[in-house]
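Listed here are the chains, written in short residue letters.
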Amino acid sequence: MKTKKAIDVIELFRNVLGDKINDFTLPPPIFEIMQCEIIEYSAEEKSLIIRLPVSGKWQNPFGTMQGGMIDAAIDNAVGPLSLLVAPMNMTRIIETKILKAITMDVETIYVKANLVEAKKRRLIFEADVFDDESMVYATSRIVNFII
């Protein structure tokens, strides 16, 4: 996955949203601050994968990636996917299970997000955080509400 070329975010959203792209700040500032890149999107599977570097700025006192930054990475995958597969919506709940600490030896992480259920105004996503060797560090269930 390390060699996968990044997808142009603006082009992707323009292709899906058309002129509605002007209603949003794309990419969002936090997406750029965390140096995220979309490397895969499947409209059929309703899935998206982002890649981002692990930064020493995100360390907790134990020298591993802060849990809140892991959730931010997850939100940076689910957020774009949610705009590509549903009307405007917002994150309501993120439930993350940390399976293994992300140490500073891990240079790059990936987040794969999937829409698993859409019912009325509720969207349910699942996400996995993993590295180049497919080691899974966290899994998450995310609930968004359509506005």
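Residues numbered from 1 in each chain as written. Predicted model: local features only at pLDDT ≥ 70, side-chain atom pairs only at ≥ 80, totals over all residues. Heavy atoms only, no water.

(A) Looking closely at the overall build of the protein. Tallying secondary structure elements over the protein gives 3 helices and 6 strands in all. Along the protein, helices (α) and strands (β) appear in the sequence α-α-β-β-α-β-β-β-β when read from the amino end. Relative to its length of 147 residues, the protein is compact, with a C-alpha radius of gyration of 15 Å against a globular reference of 15 Å. In the protein, buried positions account for 42% of the 147 residues. Here the contacts in the protein between residues at least 6 apart in sequence split such that 62% fall between residues at least 24 apart. Total accessible area on the protein stands at roughly 8200 Å², and carbon and sulfur atoms take up 50% of it. (Helix = DSSP H or I, 4+ residues; strand = E, 2+ residues; numbered from the N terminus. Rg over C-alpha atoms; globule rule 2.2 N^0.38 Å. Buried < 20%, exposed > 50% of the residue type's maximum accessible area, 1.4 Å probe, protein only. Contact = heavy atoms within 4.5 Å. Areas by Shrake-Rupley, 256 points an atom, 1.4 Å probe, with all protein chains shown as cover.)

(B) Inspection of the sheet that holds strand β6 (residues 136-146) at higher detail. Within the open sheet, the 6 strands sit side by side as β1-β2-β4-β5-β6-β3. Their pairing is antiparallel. Only two strands of the sheet have a single neighbouring strand rather than two, namely β1 (37-42) and β3 (89-98). Across the sheet, the mean angle separating the axes of adjacent strands is 20 degrees when strand polarity is ignored. In the packing of helix α3 (residues 67-85) onto the sheet, contacts are made with β1, β2 (47-53), β3, β4 (108-119), β5 (122-130) and β6, and the angle to β4 comes to roughly 45 degrees. (Pairing = 2+ DSSP bridges. Axes fitted to C-alpha atoms, helices over the stretch in contact; angles between N-to-C directions.)

(C) Local environment of the pattern of salt bridges. This model, assessed by the stated rule, comprises 4 salt bridges. Between Glu 117 and Lys 119 there is a salt bridge, with the nearest N and O atoms lying 3.9 Å from each other. Because the salt bridges share partners, they merge into one network encompassing Glu 117, Lys 119 and Arg 122. (Salt bridge = Lys/Arg side-chain N within 4 Å of Asp/Glu carboxyl O.)

(D) Examining the packing of helix α1 (residues 9-17) against α3 more closely. Packing of α1 against α3 leaves a shortest axis separation of 9 Å and a crossing angle of 25 degrees. Classed by the angle they form, the pair α1 and α3 counts as roughly parallel. Two secondary-structure elements touch here, α1 through Leu 12, Phe 13, Val 16 and Leu 17 and α3 through Pro 80, Leu 83 and Leu 84. Considered class by class, the residues forming the contact of α1 with α3 number 7 nonpolar, no polar and no charged. (Parallel < 35°, antiparallel > 145°, perpendicular 65-115°, else oblique. Nonpolar A, V, L, I, M, F, W, Y, C, P; charged D, E, K, R; others polar.)

(E) Just the nonpolar core, in detail. In terms of nonpolar packing, the biggest core is built from 41 residues, with Phe 13, Ile 50, Leu 52, Ile 102, Ile 109 and Val 111 touching the most fellow members. Mapped by element, the contributors of at least two residues to this core are α1, β1, β2, α3, β4, β5 and β6. Broken down by element, the residue count for this core peaks at 9 residues, all from α3. Apart from residues no more than four positions distant in its own chain, Leu 52 is found in contact with Met 34, Gln 35, Cys 36, Trp 58, Ala 73, Glu 107, Thr 108, Ile 109 and Val 111. (Core = buried A, V, L, I, M, F, W, Y, C linked by side-chain atoms within 4.5 Å.)

(F) Region of the structure containing the side chain of Ser 140. Structurally, the position occupied by Ser 140 is in strand β6. Residue Ser 140 is classed as buried on the basis of its relative accessible area of 7%. Here Thr 96 takes part through its side chain, which lies 3.0 Å from a polar atom of the side chain of Ser 140. If we ignore the near neighbours within four places in the chain, the residues touching Ser 140 are Ile 74, Ile 94, Glu 95, Thr 96, Phe 125, Glu 126 and Ala 127. (Polar contact = N/O pair within 3.5 Å; in protein donor to acceptor, adjacent residues only side chain to side chain.)

(G) The arrangement of unusual backbone geometry in detail. For the peptide bond that leads from Leu 26 to Pro 27, omega is -15 degrees, which places it in the cis range. Topologically, Pro 27 is positioned in the loop between α1 and α2 (29-33). In the Ramachandran plot, Lys 120 falls in the positive-phi region, its phi being about 55 degrees despite a non-glycine side chain. When its relative accessible area of 83% is taken as the criterion, Lys 120 is described as exposed.

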